[in-house]
Amino acid sequence: MSSSVLVFPFLLLFVLLLTATSSSSAGDGFSDYRGMGLAFQYPSDWAISALGNQVSGNISVVDSCGGISIAWVRDPGLTPANILDQIVKTYNQSEVEILSKEQGKVSVQGREVETLDLSYKFKDHNAKKRLAAWTSEGSDRLFFASMSSCSVDYSRNELVFNHVLGSFQDKVSREISLEARSIQDDVWAIVLGDLLASYHYIDQSTLSSTVVYAEVSNSLIPVNDSYRLSSSEKIRSEISQGTIIRADVVQKLLQASGYNVALIQKSGQIWVVAEDSSGRWQSVSINPKEPWRMVGALVVGQDGYSGLMYNNSTELADDNSVTLNGLIDFNHFVQKDCDPSRYEELKSPAQENKTWMDGLQSVLESYSYPKKYQENVFDCSNTSQICWALLKGKGYDARLMFSYRDHLLGRHMWVVVRYPYEDQRYVAVEATNTNGKGDLSHLGRVVLKDDYFKGIMYNTSKQFSWLHPDEGMWLD
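Presented here is a report on the structure given in the accompanying data block. (Residues numbered from 1 in each chain as written. Predicted model: local features only at pLDDT ≥ 70, side-chain atom pairs only at ≥ 80, totals over all residues. Heavy atoms only, no water.)

### Concerning the sheet that holds strand E2 (residues 30-35)
The strand order E2-E3-E11 describes an open sheet built from three strands, whose pairing is antiparallel. At either end of the open sheet lies a strand with only one pairing partner, and these are E2 and strand E11 (169-170). One ladder, built from six bridges, connects E2 with strand E3 (residues 38-43); its direction is antiparallel. By the bridge assignment, Arg-34 is partnered in E3 with Ala-39. On top of the sheet, helix H2 (residues 154-166) reaches E2 and E3; it is set at about 155 degrees to E3, its chief contact. (Pairing = 2+ DSSP bridges. Helix = DSSP H or I, 4+ residues; strand = E, 2+ residues; numbered from the N terminus. Contact = heavy atoms within 4.5 Å. Axes fitted to C-alpha atoms, helices over the stretch in contact; angles between N-to-C directions.)

### Side note on the state of the cysteines
Scanning the model with the defined rule gives one disulfide in all. In this structure Cys-380 is a free cysteine whose sulfur lies 12 Å from that of Cys-387, the closest cysteine sulfur available. Residue class for Cys-380 comes out buried when judged on its relative accessible area of 12%. (Disulfide = S-S within 2.5 Å. Buried < 20%, exposed > 50% of the residue type's maximum accessible area, 1.4 Å probe, protein only.)

### Concerning helix H1 (residues 80-91)
The terminal C-alpha atoms of H1 lie 17 Å apart, and with 12 residues this matches the ideal 16 Å at 1.5 Å per residue to within 8%. Within the span of H1, buried status applies to Ile-83, Leu-84, Gln-86, Ile-87, Val-88, Thr-90 and Tyr-91. Of the surrounding elements, those touching the buried residues of H1 are strand E7 (96-108), strand E8 (111-122), strand E9 (125-136), strand E10 (141-149), strand E14 (211-223) and strand E15 (226-238). (Expected span 1.5 Å × (residues − 1).)

### Some words on the sheet that holds strand E22 (residues 342-345)
Spatial strand order, E22-E27-E23-E24-E25-E26: six strands in an open sheet with antiparallel pairing. Looking at which strands have only one partner, the edges of the open sheet turn out to be E22 and strand E26 (445-447). Within the sheet, the average angular offset between the axes of one strand and its neighbour, ignoring direction, is 45 degrees. Relative to strand E24 (residues 413-418), strand E23 (residues 398-402) runs antiparallel, the two sharing five bridges. Within the sheet, the bridge partner assigned to Ala-398 lies in E24 and is Val-417. Lying over the sheet, helix H3 (residues 187-197) contacts E22, E23 and strand E27 (454-458), oriented at roughly 10 degrees with respect to E27. Strands in contact with helix H6 (residues 354-365) are E24, strand E25 (426-430) and E26; relative to E26, the strand with the most contacts, it is inclined by about 140 degrees.

### Here's the deal with the pattern of salt bridges
Here the structure, examined in full by the defined rule, presents 28 salt bridges. Here Lys-252 makes a salt bridge to Asp-248, at a shortest N to O gap of 3.0 Å. One end of the pair, Lys-252, and the other, Asp-248, are both in helix H4 (residues 241-256), four residues apart, so they sit about a helical turn from each other. Among the salt bridges present, the one from Asp-451 reaches Lys-449, with a minimum N-O distance of 3.6 Å. Given a relative accessible area of 17%, Asp-451 falls into the buried group. (Salt bridge = Lys/Arg side-chain N within 4 Å of Asp/Glu carboxyl O.)

Structure follows, in structure tokens:
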């Protein structure tokens, strides 16, 4: 049975035998249990034992004619109802037969959670079982509880089960919520997206989903001259090592470019989150639709901004009991395809060389475009790349400039040409000049307006085309 986006090796567990003490606050006949990041009340005369740790484990409370088990794993992203369905399927196989099942509700931490009453049969012996499942956001854990009982005490044990779950509290509260960025097409987001698209994964397979394993053991226990059917369940979830490795390499890529980056895990998924200068965060998916073209994609919406936060992949792996074999070599998992774009604030010439400027304008006026201007068909990205290619062919040091939503030019593209007479100075070329009817008058015109000297720079048409294939022309 599997879930949404991920897979993890299971935990090495240790055993703790716990002796609970009675407490007056627990009420007559009940004791308090506190440990494993949770608390509940259980009958004082029942034996209790615990196995595991806060990430994954189980607690058993038993007497001579019944037992209650509470197990927990990292939340795999499946609904509690789906978990219960899968447990039922695990029961209903081999020599075990489900005779009836009935859905219900029970109160846990002030909210109703799913329950399922099963009647089942094994080798001509019948038994009943009550199951419950729920998730806890604060700890990102899935809890699964079951009750078994001999038939004579079933009603009493039902009351005990409901009391245990009614008193249950998940004491772990590690979930954080980040303030998300509301803009996806400003300069910060475009440059971040271009950085993610400048590399691709060497292993381009889709990440494995978080996997949940369920196991049921049935046994016949001799009682007087007969047998009592007893069953127990085991549940575990695993997240893939590959998911944690991808999170690591994307985090390292962004950190190397100066971003403040963290990792978020919730409900079986992992995101990389990057902070902008205003303290807001952008979530990045490490499982993009095009892993052969990018290593991450900006997430639109509210996904990835709440959950358990980690500073690095070592913390993340430890908290999921995943073993990383030594340091992760960035270059073994990703390959660079082109330089990322960069934001530039350029300077125009302090003194104009009229002969050079007139020569550039003369070149621009000696060519024209074969098509009319049409938005999203033949527009500024096409004219600018054509203009760039022709000027490069003529020996000019030309670059492409791209603006964004809150730029004074709006979303637009044009060309800048390095001015040869002053270091690090440029002139701009507006390559999209129409007569109002869609006719493009010539290849471009030289402009020195300040608006044209701020924007996102691309060195070549091929670089822009790789990073923005929907608008690229792949020109030399």
